[in-house]
Amino acid sequence: MKNLRLKAARALLDMSQKELADAVHVSRQTINAIEKGDYNPTIKLCRAICRVLHKTLDELFWEDEEDEG
Amino acid sequence: MKGKWKNNLDEMQEQEMLHIEKNCFWLLYVMLAAAMIVQLAVTGEHRMVAGEFVCFMVVSVIMVAQCLRHGIWDRHLKPDGRTNLFVSIIAGAGAVLAQALIFYWKLSPAAAGISAVITFVITFVLCLTAMTFLTNFVKKKKQKLEKEDEDDD
């Protein structure tokens, strides 16, 4: 499932995928895969992304039960 | 020196790399076994495949030992009698097939038949015995590891 909240939070700070990727020390492909829902990041990377985007884990990565299904 | 061995991959690339390495490992493993069978069939000389055989066995033993050490059996199969029986039959059939490719075609049908039965029975019994032993071992190891985790709490 696509992570639109991550995409929106990044856009809000006017950051490109590449800039976010550099800030959390991963490749742009990884950020792209997370936003597309193709890759489930580790909690360590989730926290790094949250710190950079000034968001909580819940705001970016929490999924309701109906979303998960 | 430390910088030289720095991991340049991020976590997703690392997972992809592990996936690629896993697939390549199994391809190499199967192709090595096939290469040994073909070489034996063509040359009939066991000495010709000694190097490959040692490599194959070292890798196999290390893999089994590491899995047992971590209490891991298999992704899909459960460590029970049914699995042991199933795998032993497959191993017996595989041994007969390998032998057929290597030298049965040189024998008379009767000799090949007797040899096939003997090969199947010996492989089946040895495999079943080893599997039964390993199944019990991995179950005990798993219980021990579970208990260790409980003690940590």
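Residues numbered from 1 in each chain as written. Chains lettered and ligands numbered in written order. Predicted model: local features only at pLDDT ≥ 70, side-chain atom pairs only at ≥ 80, totals over all residues.

Enquirer: What am I meant to see in the overall build of chain B here?
Expert: The number of helices and strands found in chain B is 4 helices and 0 strands. Seen through its C-alpha atoms, chain B measures out along the principal axes to roughly 65 × 40 × 25 Å. In chain B, buried positions account for 7% of the 153 residues. Within chain B, counting contacts between residues at least 6 apart in sequence, those at least 24 apart form 66% of the total. (Helix = DSSP H or I, 4+ residues; strand = E, 2+ residues; numbered from the N terminus. Buried ≥ 20, exposed ≤ 12 C-beta atoms within 10 Å, placed from the backbone. Contact = placed C-beta atoms within 7 Å.)

Enquirer: I tried to follow the domain arrangement of chain B on my own but got confused; where do I start?
Expert: When the parts come together, some accessible area is lost, and that loss is often what is quoted as the size of the interface. All names here are of chain B. The assigned domain composition of chain B is domain 1 (10–69) and domain 2 (75–153). One C-alpha centre belongs to domain 1, the other to domain 2, and the line joining them spans 18 Å. If you look at the interface, domain 1 gives 5 residues, while domain 2 gives 8 residues. A total of 3 residues in the side of domain 1 that touches domain 2 trace back to one element, the largest contributor, which is helix α1 (residues 11–43). (Domains from an automatic or database assignment.)

Enquirer: Any chance you could explain the nonpolar core here in plain terms?
Expert: A general tendency of soluble globular proteins is for nonpolar side chains to be buried together. Residue and element names in this part refer to chain A. Counting residues in hydrophobic clusters, the biggest one holds 11 residues: Leu-6, Ala-9, Leu-20, Ala-21, Val-24, Val-26, Ile-31, Ile-34, Leu-45, Ile-49 and Leu-53. Put simply, the parts of the chain that give this core at least two residues each are α1 (4–12), α2 (17–23), α3 (28–36) and α4 (43–53). The leading source of residues in this core is α4, at 3 residues. Once residues lying within four places of it in the same chain are set aside, the contact partners of Leu-6 are Ile-34, Glu-35, Ile-49 and Leu-60. (Core = buried A, V, L, I, M, F, W, Y, C linked by C-beta atoms within 7 Å.)

Enquirer: Looking at this model, I keep getting lost on the packing of α1(B) against helix α3 (residues 81–102) of chain B. Mind explaining?
Expert: Helix-helix packing is described using two parameters, namely the angle between the two axes and the distance between the axes. Close contact between α1(B) and α3(B) brings their axes to 8 Å; oriented N to C, the two are set at 35 degrees. Across the interface between the two elements, Ile37(B), Leu40(B) and Ala41(B) from α1(B) touch Ala98(B), Leu101(B) and Ile102(B) from α3(B). (Axes fitted to C-alpha atoms, helices over the stretch in contact; angles between N-to-C directions.)

Enquirer: Any chance you could explain the confidence of the model for chain A here in plain terms?
Expert: Looking at chain A, the pLDDT average stands at 91 and 93% of residues meet or exceed 70. Here helix α6 (residues 65–68) of chain A is the element of chain A with the lowest mean pLDDT, 59, and α4(A) is the one with the highest, 96. (pLDDT = per-residue confidence, 0-100.)

Enquirer: It is not clear to me how the confidence of the model for chain B should be interpreted in this structure. Could you clarify?
Expert: Atom-level detail of predicted coordinates should not be read off regions where pLDDT is low. Residues and elements named next belong to chain B. Model confidence for chain B is summarised by a mean pLDDT of 90, while 95% of its residues fall at 70 or above. Taken element by element, chain B is modelled with least confidence in helix α4 (residues 109–152), mean pLDDT 89, and with most confidence in helix α2 (residues 50–69), mean pLDDT 95. For this predicted complex, the interface score ipTM comes out at 0.79, alongside a pTM of 0.77.

Enquirer: Can you walk me through the environment of Gln13(B) in this structure?
Expert: With respect to the helices and strands, Gln13(B) occurs in helix α1. In the structure, Gln13(B) is positioned 124 residues away from Phe137(B) in sequence and 35 Å away in space, judged by C-alpha atoms.

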